[in-house]
Amino acid sequence: MSDGAVLHVKGRILVGPEDVRDELWVVGGRISYDRPAGAREITTVEGWALPGLVDAHCHVGLGAHGPVDADTAEKQALTDREAGTLLIRDAGSPSDTRWIDDREDLPKIIRAGRHIARTRRYIRNYALEVEPEDLVAYVAQEARRSDGWVKLVGDWIDRDLGDLAPCWPRAAVEAAIAEAHRLGARVTAHCFAENSLRDLVEAGIDCVEHATGLTEDLVPLFAERGVAIVPTLVNIATFPRLAAGGDSRYPRWSAHMRRLHERRYDTVRGAYDAGVPVYVGTDAGGSLAHGLVAAEVAELVTAGIPPVRAVSATSWGARAWLGRPGLEEGAPADLVVYEGDPRADVRVLAAPRRVVLNGAVVE
């Protein structure tokens, strides 16, 4: 739209799960609930409007073999935008994507710096690989480089054991998380298995990615400490294929991965029922496609999370958790308009009617 143009969104504006209004206006790229005086050039969009969706575990700039070029990263971000994802928590990337911040037409990104992994205990070319005695220094480095998050690799296959195992001794993660918090950053960790979780949570971690190893005895600890999980169920769906590839060399690991996959829905529902905060993340990047946010919301519903809560996990609730505004007065106009009510049927999220980013209709 040209300077001075006004966007009028009318129908049902989902400011919150129960806060529904009839219309909003976009003036100068920001939201207003008052009709602007003297507006002449008005574009109208009708439907059910949500805050721009959140993918809280996404990797822009990452490919199957490590960092990708800027053109590929741009395509990844555009694919997410087309799906209605307008806010990304980038949970680890080896690429410098700060140039995206200068693009009004690309999703906003909250970066967690680069993954920090134990030496030779993660995917090649993805992470900074260090030993425990250097963990605090690298966490401090990434805390300063990031947008308020640091990403650890909490567990991975130990080839000597032939199974998943923790990457860090408890004392190392305690010191590292304390340093991140001192610098004002939150910490999250990749965790598939059971045996890394207690140390990380008791050390003060803020979030756990995947969390497939959550057990009944650990769930109350997560709930008590307010540790969020981002289940990435569309990624966990790949576990059987991964397990099949390891049957001959690592049969113990393969069997473990299958067990984690088989109980994935019960794990997520048990956490939700206990009051553990659950948010939407797809794990896009690497080997997983971008633009899967609607599929991940549907997976949460399949796990037994009520539809309105699953929608909140990618909209109102997720934005509040990340400290970013939704459809409040004066907020940047980042919103998605749908044909129907996503609270009634989350499948609506797969087909945005219009995507509005920084006040401009981009899709």
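Residues numbered from 1 in each chain as written. Predicted model: local features only at pLDDT ≥ 70, side-chain atom pairs only at ≥ 80, totals over all residues. Heavy atoms only, no water.

A. The overall build of the protein, seen in detail. When helices and strands are tallied, the protein shows twelve helices and 20 strands. Expected size for 363 residues packed as a compact globule is a radius of gyration near 21 Å; at 21 Å, the protein falls within 12% of this value. Counting only C-alpha atoms, the protein reaches 70 × 40 × 35 Å along its principal axes. With 363 residues in all, the protein has 56% of them scored as buried. Where the 42 positive side-chain charges of the protein centre and where its 54 negative ones centre are 1 Å apart. (Helix = DSSP H or I, 4+ residues; strand = E, 2+ residues; numbered from the N terminus. Rg over C-alpha atoms; globule rule 2.2 N^0.38 Å. Buried < 20%, exposed > 50% of the residue type's maximum accessible area, 1.4 Å probe, protein only. Lys, Arg positive; Asp, Glu negative; His and termini not counted. Charge placed at Lys NZ, Arg CZ, Asp CG, Glu CD.)

B. Focus on the pattern of salt bridges. A full pass over the atoms with the stated rule returns 26 salt bridges. Between Asp19 and Arg21 there is a salt bridge whose closest N-O contact spans 3.2 Å. The exposure class of Asp19 is partly exposed, given its relative accessible area of 31%. Taken together, the shared-partner salt bridges in this structure form one network comprising Arg170, Glu174, Arg198, Asp199, Glu202 and Asp217. (Salt bridge = Lys/Arg side-chain N within 4 Å of Asp/Glu carboxyl O.)

C. Quick peek at the sheet that holds strand β19 (residues 354-357). Here we have seven strands laid out as an open sheet, ordered β3-β2-β1-β4-β18-β19-β20, and mixed in their pairing. This sheet does not close on itself; its edge strands, each paired only once, are β3 (30-32) and β20 (360-361). (Pairing = 2+ DSSP bridges.)

D. Just the packing of aromatic side chains, in detail. Considering all chains together, one arrives at six aromatic pairs under this definition. Ring geometry for Tyr122 and Trp156: centres 4.8 Å apart, planes at 75°, overall edge-to-face. Within this pair, whereas Tyr122 is found in the loop between β9 (116-118) and β10 (128-130), its partner Trp156 is found in strand β12 (residues 155-158), the two being separated by 34 residues in sequence. For Tyr122, a relative accessible area of 12% puts it in the buried group. By relative accessible area, Trp156 is classed as buried at 17%. (Phe/Tyr/Trp six-rings, centres within 6.5 Å; stacked < 30°, edge-to-face > 60°.)

E. Molecular detail of the packing of helix α2 (residues 135-145) against helix α3 (residues 170-182). At a minimum axis separation of 9 Å, α2 and α3 run at an interaxial angle of 25°. Here α3 runs roughly parallel to α2, going by the angle between their axes. As α2 packs across α3, the resulting crossing turns out to be right-handed. Contact residues: α2 offers Leu135, Val136, Val139, Ala140 and Arg144, while α3 offers Ala172, Val173, Ala175, Ala176, Glu179, Ala180 and Arg182. Split into classes, the residues belonging to the contact of α2 with α3 amount to nine nonpolar, no polar and three charged. (Axes fitted to C-alpha atoms, helices over the stretch in contact; angles between N-to-C directions. Parallel < 35°, antiparallel > 145°, perpendicular 65-115°, else oblique. Left-handed = near helix turned anticlockwise from the far one by under 90°. Contact = heavy atoms within 4.5 Å. Nonpolar A, V, L, I, M, F, W, Y, C, P; charged D, E, K, R; others polar.)

F. Focus on the side chain of Glu142. Within the element layout of this structure, Glu142 appears in helix α2. A relative accessible area of 3% means that Glu142 is categorised as buried. Leave out the neighbours within four places in its chain, and Glu142 touches Gly113, Arg114, Ile116, Leu128, Trp149 and Val150.

G. Just the layout of surface pockets, in detail. Within this model, the largest pocket holds a volume of roughly 840 Å³. Lining the largest pocket are 33 residues, and of these Ile123, Trp156, Phe192, Leu242 and Ser287 sit closest to its centre. Elements with a minimum of two residues in the lining of the largest pocket: β5 (53-63), β12, α7 (239-246), α8 (251-262) and β17 (284-286). Considered class by class, the residues forming the lining of the largest pocket number 15 nonpolar, twelve polar and six charged. (1 Å grid on protein atoms, 1.4 Å probe; cavity = no way out; pocket = protein on both sides within 12 Å on 5 of 7 lines; lining within 4 Å. Points joined across faces, edges and corners; volume = space filled by probe spheres on them.)

H. Molecular detail of the environment of Lys10. Among the secondary structure elements, Lys10 is positioned in strand β1 (residues 6-14). A sequence separation of 273 residues divides Lys10 from Asp283, and the C-alpha atoms of the two residues are 33 Å apart. For Lys10, the residues in contact, after removing those within four places along its chain, are Asp22, Glu23, Thr44, Val45, Glu46 and Gly47.

I. Layout of unusual backbone geometry. Residues other than glycine seldom take positive phi values, yet Asn125 does so here, at roughly 75°. Structurally, the position occupied by Asn125 is in the loop between β9 and β10. One non-glycine residue, Asp283, lies in the positive phi region at around 65°. Mapped onto the elements, Asp283 comes out in the loop between α9 (264-273) and β17. A relative accessible area of 13% places Asp283 in the buried class.

J. Expanded view of the nonpolar core. Ranked by internal contacts, the top residues of the largest apolar core, which has 78 residues, are Leu135, Ile205, Leu214, Phe222 and Leu300. Not counting the four nearest positions on each side in its chain, Leu135 is found in contact with Ile116, Val130, Leu152, Trp168, Ala172, Val173 and Ala176. Val26, Tyr33, Val45 and Ala49 belong to the second-largest nonpolar core, a separate cluster that totals 15 residues. (Core = buried A, V, L, I, M, F, W, Y, C linked by side-chain atoms within 4.5 Å.)

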